[in-house]
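As a plain string of letters, each chain reads:
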Amino acid sequence: MQSKKAVKFIIIAGTLAALTMAAVNTAAIGAKKEQRFHAEFLNLFDTVTQIVGYAKNKEEFTQIATDVHDQLETYHKLYDIYNDYEGIANIKTINDNAGKGPVKVDQKIIDMLKRAEEAYEKTDGTVNVAMGSVLSIWHDYRTWGIDDPETAKIPPMEELKAAALHTDFSKVIIDEAASTVYLEDPDMRLDVGAIAKGYATEQAAEFLESKGVGHVLLSVGGNIRAIGKRADGKPWKLDIQNPDTDSEKTAIDTLALDGLSLVSSGDYERFYMVDGVKYHHIIDPATLMPAAYFRAVSIVCRDSGWGDALSTAVFNMPYERGLALVESMKGVEAMWVMPDESIRTSSGYEAYRSHDN
């Protein structure tokens, strides 16, 4: 979630060609003054990308925003499961060739899938990008339910169980030497939604850092990555969204982060209603139903890709199991919003809370 108090963006529709920036205040840095700019575009990862940062002038910030857009556009096309792009072998290409043969892919796909494999192993399969066969069923029923609420239904369990027979990650064959990916099971499909945005956000952030850029905050569909601090030397203030979207209180906590990521998953995102019951998009591999342990989970860590994967994995685990996982990982903290709206946190979470009035 972006901070509504500390970070304000202008809304820009369309592609980067329509991108505009506006200086909203200034901050002194040594003998120079840097202006604060913000930018937004809507054409990547089916979500809103927001950038706020400090630069000496509009041209410098325009270059930063252009770099972010170009980096994210590359990953967007590579990780797309729905669309083909001329001259690009992407996740859809891999899915289309399931059971047929290996697909030669860009190293960026292999690197992301290796991270996904590591996440799968560390979380005992509670985040699994090989669950596309199951997730596509839920996607279709959710789309149907949103388009026509009166006829909304949930998928038959028999259909979900049949699809779940084709989610074995060991059948995702990654050949790094040949730069190929092959799905041995012809009915397997990859869905990288649990890691792709966060992974791409992290790569864009690291690209900016490699160019010496500081004082920038990226938010890609709620995957937030801070690059350094604000220009005044203070950490970025980030609100965590209240999962009760009907409440007048929009934020349930505010964190102060420097060079870290904040990623949240919750039942308030992408859902539909059937007979008065909410069915959200985070599917528990153990039950094949939307996970029901929490209203929301937020992860704080350095790497946005890990934050994305862990927010899904921990959302799919009972509290005690998720807490044990978080506590076992260095540099990772978490906050859970329980079904009764109470809040629990990991042992080091308090250190990131903002105590400013």
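One can find the structure itself at the top, above this paragraph.
Asker: Would you mind going over the packing of helix 6 (residues 196-210) against helix 7 (residues 304-315) in detail, with residue names and values included?
Answerer: Where helix 6 contacts helix 7, the two axes come as close as 6 Å, and the packing angle between them is 165°. When the axes of helix 6 and helix 7 are compared, the pair comes out roughly antiparallel. As helix 6 runs across helix 7, the sense of the crossing is right-handed. Together, Ala196, Lys197, Gly198, Tyr199, Thr201 and Glu202 of helix 6 and Ser304, Gly305 and Asp308 of helix 7 make up the contact between the two elements. Taken together, the residues of the contact of helix 6 with helix 7 sort by class into two nonpolar, four polar and three charged.

Asker: Requested: an account of the pairing of strand 14 (residues 296-301), with residues and values cited.
Answerer: Burial of strand 14 is extensive: six of the six residues sit out of reach of the surface. The alternating pattern of strand 14 places Ala296, Ser298 and Val300 and Val297, Ile299 and Cys301 on opposite faces, both of which are buried. Pairing of strand 11 (residues 261-266) with strand 14 involves six bridges; the strand directions are antiparallel. By the bridge assignment, Ser261 is partnered in strand 14 with Cys301. By the bridge criterion, five bridges tie strand 14 to strand 15 (residues 333-337) in an arrangement that is antiparallel. Residue pairing across strands places Val297 opposite Trp336, the latter belonging to strand 15.

Parameters at a glance
- Positions within a chain are numbered from 1, following the residues in the order the chain's sequence is written.
- Thresholds applied to this predicted model are a pLDDT of at least 70 for local features of residues and 80 or more for the giving and counting of side-chain atom pairs; totals over whole chains, interfaces and linings are not thresholded and use all residues.
- The side-chain values count all of the structure's non-hydrogen atoms but skip hydrogen atoms and water molecules.
- Orientation is described by lines fitted to C-alpha atoms, with helices fitted over the stretch in contact, and by angles between N-to-C directions that extend from 0 to 180 degrees.
- Only runs of H or I of at least four residues qualify as helices and only runs of E of at least two qualify as strands under DSSP, and these elements are numbered from the N terminus.
- The scheme is simple: roughly parallel for angles under 35 degrees, roughly antiparallel for over 145, roughly perpendicular for 65 to 115, oblique for anything else.
- With the far helix as reference, a near helix turned anticlockwise by less than a right angle produces a left-handed crossing, and one turned clockwise produces a right-handed crossing.
- Contact between two residues is taken to exist if any of their heavy atoms lie within 4.5 Å; hydrogens are not considered.
- Amino acid classes used here: Ala, Val, Leu, Ile, Met, Phe, Trp, Tyr, Cys and Pro are nonpolar; Asp, Glu, Lys and Arg are charged; the rest, including Gly, are polar.
- Between buried and exposed lies partly exposed: a residue is buried under 20% and exposed over 50% of the maximum accessible area for its type, with that area taken using a 1.4 Å probe on protein chains only.
- One requirement defines pairing of two strands: DSSP has to find at least two bridges between them.

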